[in-house]
Every structure is written in C-alpha cells, then in structure tokens.
Amino acid sequence: MEYKRLLITGFDPFGGERLNSSWEAVCRLPEEIAHYRLTKLRIPVIFGSAADAVLCAAHTLKPDVILCIGQAGGRTAVTPEVIGINLRESRIADNAGSQPVNEPVLESGPDAYFSTVPVREMVKEIEKTGIPASLSLSAGAFVCNDLLYTLLHHYQNTQTLTGFIHVPFICEQEKENCFCLPLADVVTALTAAIHALP
C-alpha cells in the first residue's frame, strides 16, 4: 500500500496549564490511519513561531495534508475550522509574552482564507463515533488562528491540503464546571477526521 503523508501538530501547554489537550491526543494517534502515514509535531504557543515550526517540518516532509490541532477550552464539541482570518487579537499573552491587539497576521494578506480540508465530511465522520462535533466559523485570533491563516496563505493554489481542528479540554486536565472529553474520545475523534481526508 502506498501511503500519503500527513503532518499533524499539537501545541505546548499555555496560560499556566500543565497539559494541552491537542498534543496529548496527537501524540497518542497511531502511526498510520487509513491511507496516511502520520508525522507528529509539537509546536510552541507563540505567534509566528508556531507557523515557522510547521513550515520548516513541511519543507522536509512535503506532506499531502497538514492538519493542526488546538485546544479550545469551553467548547463542547470537536470543531473543524472553516476559516482563518488575518487578525492577531490576544486576550492573554502567548508563551513568549507577546499580546498583540488589532494586528494583521500578514500585512499584505487578504482578510481570510477558507480551509482546504473537507471539514463537513470530518464532522460527519466524527459524529458517527458518537462524539460531539460541529463546524466552527471562528478559530479565534490567538496563535491557533495565526497558524491556520499563515499555512493557508503559504499553500494557496498548491496540492497541499491544510486545516485545523479545535478540541475541548480533556478530563485529565481536571477542570471543574467545564466541559471535557476523555482523552481516548479525542483520539477517536481525530482518527475519524483523518478517515475523511481524500
């Protein structure tokens, strides 16, 4: 079987957290899913640096698909992102202490780019597992969106598909009065989403 190449990323903990649900799930994915061979990459929660790390790895790997995973505490479903916007607007500082307000991701870039992975099909595949999933029309304006927008800009009009999925807190993070999913469920959801890739 000839495998396609998938670069899948998760983030470091941030905001004083001990864990980040995105990386905890990504690092537990199998090495091969469907017709994809996975390369997993842990990236920093730093504006610009996250995208630089992914682009550096992708330059070597030349992946067919780049799928980035991020934590969205407070969400109650696994949410593939439809769009990345050209805005940095940060409620908290990133892990390098940067807290931009009303800054563009790219000075000369368009307002937005649409994800090039099949987000609606991903939602359907995740829902088949019984795990809550829905489309998200906002990746925020923190490092997750910064990464998504930068990658979509870089890979526009190429064969490399690019997308982003936000996942809720995991129960292992022991958040009181906040929705969480068991880590195993997040792994199952991401596996299902990968099955939706062409």
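It should be noted that the structure appears before, not after, this text.
Residues numbered from 1 in each chain as written. Predicted model: local features only at pLDDT ≥ 70, side-chain atom pairs only at ≥ 80, totals over all residues. Heavy atoms only, no water.

Colleague: Any chance you could explain the state of the cysteines here in plain terms?
Modeller: Cysteine pairs can be covalently joined through their sulfur atoms, and such a bond is termed a disulfide. Using the criterion set out here, one finds 0 disulfides in the structure. Not part of a disulfide, C56 finds its nearest cysteine sulfur in C68, a span of 14 Å. (Disulfide = S-S within 2.5 Å.)

Colleague: So what exactly am I meant to see when it comes to the side chain of N145 here?
Modeller: Along the chain, N145 turns up in helix α4 (residues 143–154). For N145, a relative accessible area of 0% corresponds to the buried category. Excluding anything up to four places from it in sequence, N145 contacts I83, G84, I85, L87, V105, A139 and G140. (Helix = DSSP H or I, 4+ residues; strand = E, 2+ residues; numbered from the N terminus. Buried < 20%, exposed > 50% of the residue type's maximum accessible area, 1.4 Å probe, protein only. Contact = heavy atoms within 4.5 Å.)

Colleague: How should the packing of helix α3 (residues 119–128) against helix α5 (residues 183–195) be read in this particular structure?
Modeller: Two numbers describe how α3 lies on α5: the axes approach to 8 Å, and their chain directions differ by 135°. Here α3 is positioned oblique relative to α5, judged by the angle of their axes. Taken as a pair, α3 and α5 cross one another with a handedness that is right-handed. Of the residues in α5, those in contact with M122, E125 and I126 of α3 are A189, A192 and A193. Class assignment for the residues of the contact of α3 with α5 results in 5 nonpolar, no polar and 1 charged. (Axes fitted to C-alpha atoms, helices over the stretch in contact; angles between N-to-C directions. Parallel < 35°, antiparallel > 145°, perpendicular 65-115°, else oblique. Left-handed = near helix turned anticlockwise from the far one by under 90°. Nonpolar A, V, L, I, M, F, W, Y, C, P; charged D, E, K, R; others polar.)

Colleague: Please clarify how the packing of aromatic side chains should be interpreted in this entry.
Modeller: To describe a pair of aromatic rings, one takes the distance between the centres and the angle between the planes. Evaluation of the coordinates by the stated rule reveals 4 aromatic pairs. Considering the side-chain rings of F11 and F164, the 6.5 Å spacing of their centres and the 40° angle between planes classify their relative orientation as tilted. Of this pair, F11 sits in strand β1 (residues 4–11) while F164 sits in strand β8 (residues 161–167), and the two are 153 residues apart along the sequence. The buried category is assigned to F11, whose relative accessible area is 2%. Looking at F164, the relative accessible area reads 1%, which means it is buried. With a centroid separation of 5.1 Å and an interplanar angle of 50°, the aromatic rings of Y113 and Y149 are classed as tilted. Of this pair, Y113 sits in strand β7 (residues 112–114) while Y149 is found in helix α4, placing the two residues 36 residues apart along the sequence. Here the aromatic cluster, defined as three or more aromatic residues joined through ring pairs, consists of F14, F47 and F142. The ring of F169 carries the charged tip of K175 above its face, separated from the ring centre by 4.9 Å. (Phe/Tyr/Trp six-rings, centres within 6.5 Å; stacked < 30°, edge-to-face > 60°. Lys NZ or Arg CZ within 6 Å of the ring centre and 35° of its normal.)

Colleague: Looking at this structure, how should I read the pairing of β8?
Modeller: In the case of a regular strand, side chains alternate between the two sheet surfaces. Within β8, 6 of the 7 residues are buried, leaving the element largely enclosed by the surrounding structure. Sheet analysis places strand β4 (residues 65–71) next to β8, joined by 7 bridges and oriented parallel. Looking at β8, one finds that I66 is bridged to T162. Where strand β5 (residues 79–80) and β8 come together, 2 bridges link them in antiparallel fashion. By the bridge assignment, T79 is partnered in β8 with H166. (Pairing = 2+ DSSP bridges.)

Colleague: Is there a simple way to think about α5 in this case?
Modeller: Because each turn of an α-helix spans 3.6 residues, side chains separated by three or four positions end up pointing in the same direction. Relative to the 18 Å expected for 13 residues at 1.5 Å per residue, α5 spans 19 Å between its end C-alpha atoms, a close match to the ideal helical length. Along α5, the residues classified as buried are L183, V186, V187, A189, L190, T191, A192, A193 and I194. (Expected span 1.5 Å × (residues − 1).)

Colleague: Is there a simple way to explain unusual backbone geometry in this structure?
Modeller: As a rule of thumb, non-glycine residues mostly have phi less than zero, and peptide bonds are mostly trans rather than cis. Not every positive phi belongs to a glycine, and A34 is a case in point at roughly 55°. For A34, the position within the fold is in the loop between β2 (32–33) and β3 (36–43). A positive phi angle, close to 55°, is found at N102, a residue other than glycine. Checked against the element boundaries, N102 lands in the loop between β6 (83–85) and β7. Exposure remark for N102: the relative accessible area of 61% places this residue in the exposed category.

Any functional reading would require information that these geometric values do not contain.
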